[in-house]
Amino acid sequence: MRKEFFINLLFLLFINVLIKPFYIFGIDRTVQNTVADGDYGIYLALLNFTFLFQIINDFGIQQFNNRNIAQYNQLIEKYFPNILILKMGLSMIYCLLIGVFGWSIGYLPTYQHIFWCFVYNQILVSLIFFLRSNIAGLGFYRTDSVVSVLDRLILIVLCSVLLWGNIFSEPFQIEWFIYAQSTSLTITGLIAFGLIFRKLRYLRFRFNYPFLVLILKKSYPYALIVFLMTAFTRVDVIMLDRLLPDGKFENDVYGAAFRLLDAANMLGFLFASLLLPMFSKMIKEKATELKDLFQLSFELILCLTIPLALGIFLFRNEIMILLYDNATPYWGTILGYLILNLIPFSGIYIAGTLLLANGNHWRLIRIYALGFIANFGLNMYLIFTYKAIGASFSTLTTQFGVWILLLWLLNQ
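Here is what the cut-offs are and how they apply
- Residues numbered from 1 in each chain as written.
- Predicted model: local features only at pLDDT ≥ 70, side-chain atom pairs only at ≥ 80, totals over all residues.
- Heavy atoms only, no water.
- Helix = DSSP H or I, 4+ residues; strand = E, 2+ residues; numbered from the N terminus.
- Rg over C-alpha atoms; globule rule 2.2 N^0.38 Å.
- Buried < 20%, exposed > 50% of the residue type's maximum accessible area, 1.4 Å probe, protein only.
- Contact = heavy atoms within 4.5 Å.
- Areas by Shrake-Rupley, 256 points an atom, 1.4 Å probe, with all protein chains shown as cover.
- Lys, Arg positive; Asp, Glu negative; His and termini not counted.
- Charge placed at Lys NZ, Arg CZ, Asp CG, Glu CD.
- Phe/Tyr/Trp six-rings, centres within 6.5 Å; stacked < 30°, edge-to-face > 60°.
- Lys NZ or Arg CZ within 6 Å of the ring centre and 35° of its normal.
- Axes fitted to C-alpha atoms, helices over the stretch in contact; angles between N-to-C directions.
- Parallel < 35°, antiparallel > 145°, perpendicular 65-115°, else oblique.
- Nonpolar A, V, L, I, M, F, W, Y, C, P; charged D, E, K, R; others polar.
- Core = buried A, V, L, I, M, F, W, Y, C linked by side-chain atoms within 4.5 Å.
- Expected span 1.5 Å × (residues − 1).
- Patch = residues over 30% accessible without salt bridge, like charges linked within 9 Å, V, L, I, M, F, W, Y side chains within 5 Å.
- Salt bridge = Lys/Arg side-chain N within 4 Å of Asp/Glu carboxyl O.
- Bend = angle between axes of the 7 residues up to and from the residue.
- Disulfide = S-S within 2.5 Å.
- 1 Å grid on protein atoms, 1.4 Å probe; cavity = no way out; pocket = protein on both sides within 12 Å on 5 of 7 lines; lining within 4 Å.
- Points joined across faces, edges and corners; volume = space filled by probe spheres on them.

### A look at the overall build of the protein
- Assigned secondary structure in the protein consists of 17 helices and zero strands.
- Since a compact globule built from 412 residues should have a radius of gyration of about 22 Å, the 21 Å found for the protein is in line with a globular shape.
- Taken over the C-alpha atoms alone, the protein extends approximately 55 × 45 × 40 Å along its principal axes.
- Expressed as a percentage of its 412 residues, the buried residues of the protein come to 56%.
- A separation of at least 24 residues holds for 84% of the contacts in the protein among residues at least 6 apart in sequence.
- Summed over its atoms, the accessible surface of the protein is roughly 18,000 Å², and 66% of this surface lies on carbon and sulfur atoms.
- Distance between charge centroids for the protein: 15 Å, based on 29 positive and 22 negative side chains.

### Things to note about the packing of aromatic side chains
- Within the structure shown, the criterion is met by 19 aromatic pairs.
- Ring geometry for Tyr-324 versus Trp-331: centroids 5.8 Å apart, planes at 45°, classification tilted. Both residues of the pair, Tyr-324 and Trp-331, count as buried.
- Here the aromatic cluster, defined as three or more aromatic residues joined through ring pairs, consists of Phe-49, Phe-53, Phe-101, Tyr-107, Tyr-111, Phe-115 and Trp-116.
- A cation over an aromatic ring shows up here: Arg-316 above the ring of Phe-313, its NZ or CZ 4.4 Å from the ring centre.

### Looking at the packing of helix H10 (residues 209-243) against helix H17 (residues 361-410)
- Contact pair H10 / H17: the axes reach a minimum separation of 10 Å and the direction vectors enclose 5°. When the interaxial angle is binned, H10 and H17 end up roughly parallel.
- Residue classes in the contact of H10 with H17 are distributed as 26 nonpolar, eight polar and two charged.

### Details of the nonpolar core
- Counting 134 residues, the largest nonpolar core has Phe-177, Tyr-254, Met-320, Tyr-368 and Leu-406 as the members making the most contacts within it.
- Considering every element that reaches this core, the biggest residue donor is H10, with 14 residues.

### Details of helix H5 (residues 76-104)
- Spanning 29 residues, H5 covers 40 Å between terminal C-alpha atoms, matching the ideal 42 Å at 1.5 Å per step.
- Downstream of H5 by a residue or two, Gly-106 has a phi angle that is positive, lying close to 95°.

### A word on the environment of Phe-294
- Looking at the element boundaries, Phe-294 is found in helix H13 (residues 290-314).
- For Phe-294, a relative accessible area of 17% translates into the label buried.
- Beyond its immediate chain neighbours, meaning those up to four positions away, Phe-294 contacts Phe-279, Ile-350, Ala-351, Leu-354 and Leu-410.

### A word on a nonpolar patch on the surface
- A cluster of nonpolar residues, Ile-93, Leu-96, Leu-97, Val-100 and Phe-101, forms a patch on the protein surface that exposes about 440 Å² of accessible area.
- Counting through the fold element by element, Leu-97 comes out in helix H5.
- Leu-97 sits in the partly exposed class, given a relative accessible area of 31%.

### Here we look at helix H11 (residues 247-264)
- Its 18 residues give H11 an end-to-end C-alpha distance of 25 Å, which sits within 8% of 26 Å, the value for a rise of 1.5 Å per residue.
- Of all the bends in H11, the greatest, near 25°, is centred on Phe-258.
- Within H11, 15 of the 18 residues are buried, leaving the element largely enclosed by the surrounding structure.

### Topic: the packing of H11 against helix H14 (residues 316-323)
- Where H11 contacts H14, the two axes come as close as 11 Å, and the packing angle between them is 110°. By the criterion of interaxial angle, the relationship of H11 to H14 is roughly perpendicular. On H14, the residues touching Ala-256, Ala-257 and Leu-260 of H11 are Ile-319, Met-320 and Leu-323.
- Across the contact of H11 with H14, the residue classes break down as six nonpolar, no polar and no charged.

### Regarding unusual backbone geometry
- One non-glycine residue, Asn-166, lies in positive phi territory at about 55°.
- With respect to the secondary-structure elements, Asn-166 resides in the loop between helix H8 (141-164) and helix H9 (174-199).
- Given the relative accessible area of 70%, Asn-166 is considered exposed.
- For Lys-387, which is not a glycine, the phi torsion comes out positive at approximately 55°.
- Along the chain, Lys-387 turns up in helix H17.

### Points about the environment of Gly-359
- Here Gly-359 is to be found in the loop between helix H16 (342-357) and H17.
- By relative accessible area, Gly-359 is classed as partly exposed at 31%.
- A C-alpha to C-alpha distance of 28 Å links Gly-359 and Leu-200, two positions 159 residues apart in sequence.

### With respect to the pattern of salt bridges
- Enumeration over the complete set of coordinates arrives at five salt bridges.
- One salt bridge connects Arg-152 with Asp-151, and the closest N-O pair in it is separated by 3.0 Å.

### Some remarks on the state of the cysteines
- Per the stated rule, a full pass over the model turns up zero disulfides.
- Lacking any disulfide linkage, Cys-159 is separated from the closest cysteine sulfur, that of Cys-117, by 14 Å.
- Accessibility expressed as a relative area gives 0% for Cys-159, which makes it buried.

### Observations concerning empty space enclosed by the protein
- Per the counting criterion, the structure on display carries two cavities of 30 Å³ or more.
- Taken as a whole, the second largest cavity holds about 50 Å³ of empty space.
- As for the second largest cavity, its lining consists of Leu-12, Ala-136, Tyr-141, Asp-144, Ser-145, Ser-273, Leu-274 and Pro-277.
- The set of elements that each furnish at least two residues to the lining of the second largest cavity consists of H8 and helix H12 (266-285).
- Counted by class, the lining of the second largest cavity contains five nonpolar, two polar and one charged residues.

### Brief notes about the side chain of Asp-151
- Along the chain, Asp-151 turns up in helix H8.
- Setting aside chain neighbours within four positions, we find Asp-151 in contact with Ser-184, Leu-185 and Thr-188.

And the structure:
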């Protein structure tokens, strides 16, 4: 299993390094530099707001399905059609609730022309993750790796035409970026569904109410874990936007710095997506290599992320000035705090994935809940005085705290 993990990890890293950095620094960064001041800050706030409600849209089904299909491949023909029906119902509830909350805090009436595009995109993201969980659960790790970058590849092509193709006389609009995302996600979803359909002997859609209720009961601990992880890493942007008069500007700066963390954090996410089905299968089979695989992945990711985080920290000002037209040392300070999160983020991915595969749901929930409460409290205290720097420091403090608690839990 160590050899299989290493081969698949190299392939996963190779295709992601080819695609995602170009998207983040070539497309996403160019969009921020091109659109009017504050537009990207609004984009980021709406993106994170709609992402916070993914607990309803997904309800932990991706993690639940990934773990169970990896352990019991034969269940896919029963689970797949029923969970698709369930996800349709959850998506309708998601649309209703996010519409109510979006209206109540002022997002929906003000940005109605793009608000529902974000909702549509989040539904597609959740669907694609579910489809990928079946592909990975069946052991087709390299196919899953290709699908994981397909939407970004399509988006690169579309945005390259819109940004540099000179096909429109008017300047690039943030709306075009959102519409391009909708198109790329739709195409990726159709391709991923086609790949799963080919692996099924039959596909029967039947409304099985008792089975759907059973799935919800089994998946809701995963839903709480996903929600709490999302909340204590994404709430900063929404709080900056809602609490500060100049929240749009602060989010522009915060988003510019977070982009580098997001790019580097790709390593931890890739490790986790590959390790969850492997850990789950090894736990079911009581494989003796489990401890060795965990130690290998833990040491490998820290060897990659610690030098990367420290290198970016040391040259934070130079990097921000190089990447962004309006960057100042203030931007570099925010990057300095944010990029150090890469170290605990990576540790959390590995430790959390093993605990999740082992069924330690409620212990994880308690730790992530503490992380959310701590992050929210620190943000309320720091944002008013230190703005985006306060949010960056709050994230760094809570991430290290959660990582320490997870390591403690593993040693129990």
